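Letter by letter, the chains look like this.
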Amino acid sequence: MQVEDAEGNHVEHPVLDNIETACIGWFTLEYLLRLMSSPNKLHFTFSFMNIIDVLAILPFYVSLTLTHLGARMMELTNVQQAVQALRIMRIARIFKLARHSSGLQTLTYALKSSFKELGLLLMYLAVGIFVFSALGYTMEQSHPDTLFKSIPQSFWWAIITMTTVGYGDIYPKTTLGKLNAATSFLCGVIAIALPIHPIINNFVKYYNKQRVLETATKHELELMELHSGGRDLRGFRRDTGGSEDMYMWSHLKASHSDTFIPALSKEKHHRTRLQSCK
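Residues numbered from 1 in each chain as written. Predicted model: local features only at pLDDT ≥ 70, side-chain atom pairs only at ≥ 80, totals over all residues. Heavy atoms only, no water.

Engineer: I'd like a description of the overall build of the protein chain, backed by residues and values.
Structural biologist: Helices and strands together make up the secondary structure of the protein chain, namely eleven helices and two strands. Listing every helix and strand of the protein chain by position from the N terminus yields β-β-α-α-α-α-α-α-α-α-α-α-α. For the protein chain, the exposed area adds up to about 19200 Å²; of that, 66% sits on carbon and sulfur atoms. (Helix = DSSP H or I, 4+ residues; strand = E, 2+ residues; numbered from the N terminus. Areas by Shrake-Rupley, 256 points an atom, 1.4 Å probe, with all protein chains shown as cover.)

Engineer: Now, about the pattern of salt bridges: what can you tell me, with residues and values included?
Structural biologist: Scanning the model with the defined rule gives two salt bridges in all. Close ionic contact of Arg 34 with Glu 30 constitutes a salt bridge, the shortest N to O distance being 3.9 Å. Separated by four residues within a single helix, Arg 34 and Glu 30 lie in helix α1 (residues 14-37), roughly one turn from each other. A salt bridge links Arg 34 to Asp 53; the shortest N-O distance between them is 2.8 Å. (Salt bridge = Lys/Arg side-chain N within 4 Å of Asp/Glu carboxyl O.)

Engineer: Go over unusual backbone geometry, please, and point to the residues and values.
Structural biologist: The phi dihedral of Thr 164 falls on the positive side, at around 55°, and the residue is not glycine. Within the element layout of this structure, Thr 164 appears in the loop between α7 (151-162) and α8 (175-193).

Engineer: Provide a residue-level description of the packing of aromatic side chains, including the pertinent values.
Structural biologist: One pass over the full model with this rule turns up seven aromatic pairs. Between Phe 60 and Tyr 61, the ring centres sit 5.4 Å apart and the planes meet at 85°, which makes this aromatic pair edge-to-face. By relative accessible area, which is 14% here, Phe 60 ends up buried. Look at Tyr 109 and Tyr 206: their rings are 6.2 Å apart centre to centre, the planes differ by 40°, and that puts the pair in the tilted class. Of this pair, Tyr 109 sits in helix α5 (residues 102-112) while Tyr 206 sits in helix α9 (residues 196-240); the two residues are 97 residues apart in sequence, bridging distant segments of the chain. (Phe/Tyr/Trp six-rings, centres within 6.5 Å; stacked < 30°, edge-to-face > 60°. Buried < 20%, exposed > 50% of the residue type's maximum accessible area, 1.4 Å probe, protein only.)

Engineer: A description of the confidence of the model for the protein chain should follow, citing residues and the corresponding values.
Structural biologist: On average, residues of the protein chain score 78 in pLDDT, and 77% of them reach the 70 mark or higher. Across residues 244-270 the pLDDT falls below 50, and counting only partners more than four positions away or on other chains, this stretch makes 33 contacts in the model. (pLDDT = per-residue confidence, 0-100. Contact = heavy atoms within 4.5 Å.)

Engineer: Give me the nonpolar core: which residues, what numbers.
Structural biologist: A general trend in soluble globular proteins is that nonpolar side chains are found buried together. Grouped together as the largest cluster of nonpolar side chains are ten residues: Leu 121, Leu 125, Ile 129, Phe 132, Phe 148, Trp 157, Ala 158, Met 162, Ile 170 and Ala 181. Those elements that provide at least two residues to this core are α6 (115-139) and α7. Excluding residues within four positions of it along the chain, Phe 148 makes contact with Gly 136, Tyr 137, Glu 140, Gln 141, Ser 154, Trp 157, Ile 170, Tyr 171 and Pro 172. One finds Ile 24, Phe 44, Ile 57 and Phe 60 within the second-largest nonpolar core, a separate group that totals five residues. (Core = buried A, V, L, I, M, F, W, Y, C linked by side-chain atoms within 4.5 Å.)

Engineer: Before we move on, can you summarise the environment of Tyr 137 with the specific residues and values?
Structural biologist: By the element assignment, Tyr 137 lies in helix α6. With relative accessibility at 24%, the residue Tyr 137 sits in the partly exposed group. Along the sequence, Tyr 137 and Pro 172 sit 35 residues apart, while their C-alpha atoms lie 9.1 Å from each other. Setting aside residues no more than four positions away along its own chain, Tyr 137 makes contact with Phe 148, Lys 149, Ser 150, Ile 151 and Ser 154.

Engineer: How would you explain a nonpolar patch on the surface if you had to name every residue and give the values?
Structural biologist: On the surface, a cluster of nonpolar side chains totalling about 1000 Å² of accessible area is made up of Ile 91, Ile 94, Phe 95, Leu 97, Leu 104, Leu 107, Leu 111, Ile 196, Ile 200, Phe 203, Val 204 and Tyr 207. Taken together, the elements giving at least two residues each to the nonpolar patch come down to α5 and α9. Here the element with the most residues in the nonpolar patch is α9; it accounts for five residues. Turning to its location among the elements, Leu 107 is positioned in helix α5. (Patch = residues over 30% accessible without salt bridge, like charges linked within 9 Å, V, L, I, M, F, W, Y side chains within 5 Å.)

Here it is as structure tokens:
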């Protein structure tokens, strides 16, 4: 998506460059307004999501500074390499979606509450990687065309074997090596499957809780609107005193037969706000 400039160099597409500039301007304004309105500036600055916001904004300004001022202080090649490295940090903007996505927030909470299970999973895999890579290296040394050059290089084979990925770039050629490989991926399946159930349970628990909160919030907003509409309608009935207001009142009761009950505070079918949310 790059274009060539007058000197034949590949530069950013002007349309995409303008879109990025506008988005970065909006992100910067949003961050500054939230910082100024925050009662605790220190807590706001070191919050995880706000650090992600800074990492998403900062590379643009650093790249802009290096492009316009860095060429005077260092070689143009070094400036371009630094700018290219900073552009990689722009991928941090994808984490801004977590602020507006309940699904990503639920996944984050579930992983936070599953640190123990994740630690067990990593420990099982680490033990298996050390054991099977050492066995594989030892068993494959008798073959003249062995692909296991050292135990640290065998870690890669053990990782892709225990996780059942199996790229095939490194594989055993002896009978004992193949038996070791078969044992390693069977143990890998068991090691990965054991801690998965508690992690899934945590995710389901937080997901259900998030849905209940969203439903309660939606009902709360509807109740507030109905309460407001009921007060306006009762005021209208006192002002007019005619038959038209009674028609509107009965029409609202018929159209909102269930959700309109909380607005009728003097009726015998009155329900509390908590009961309505439930």
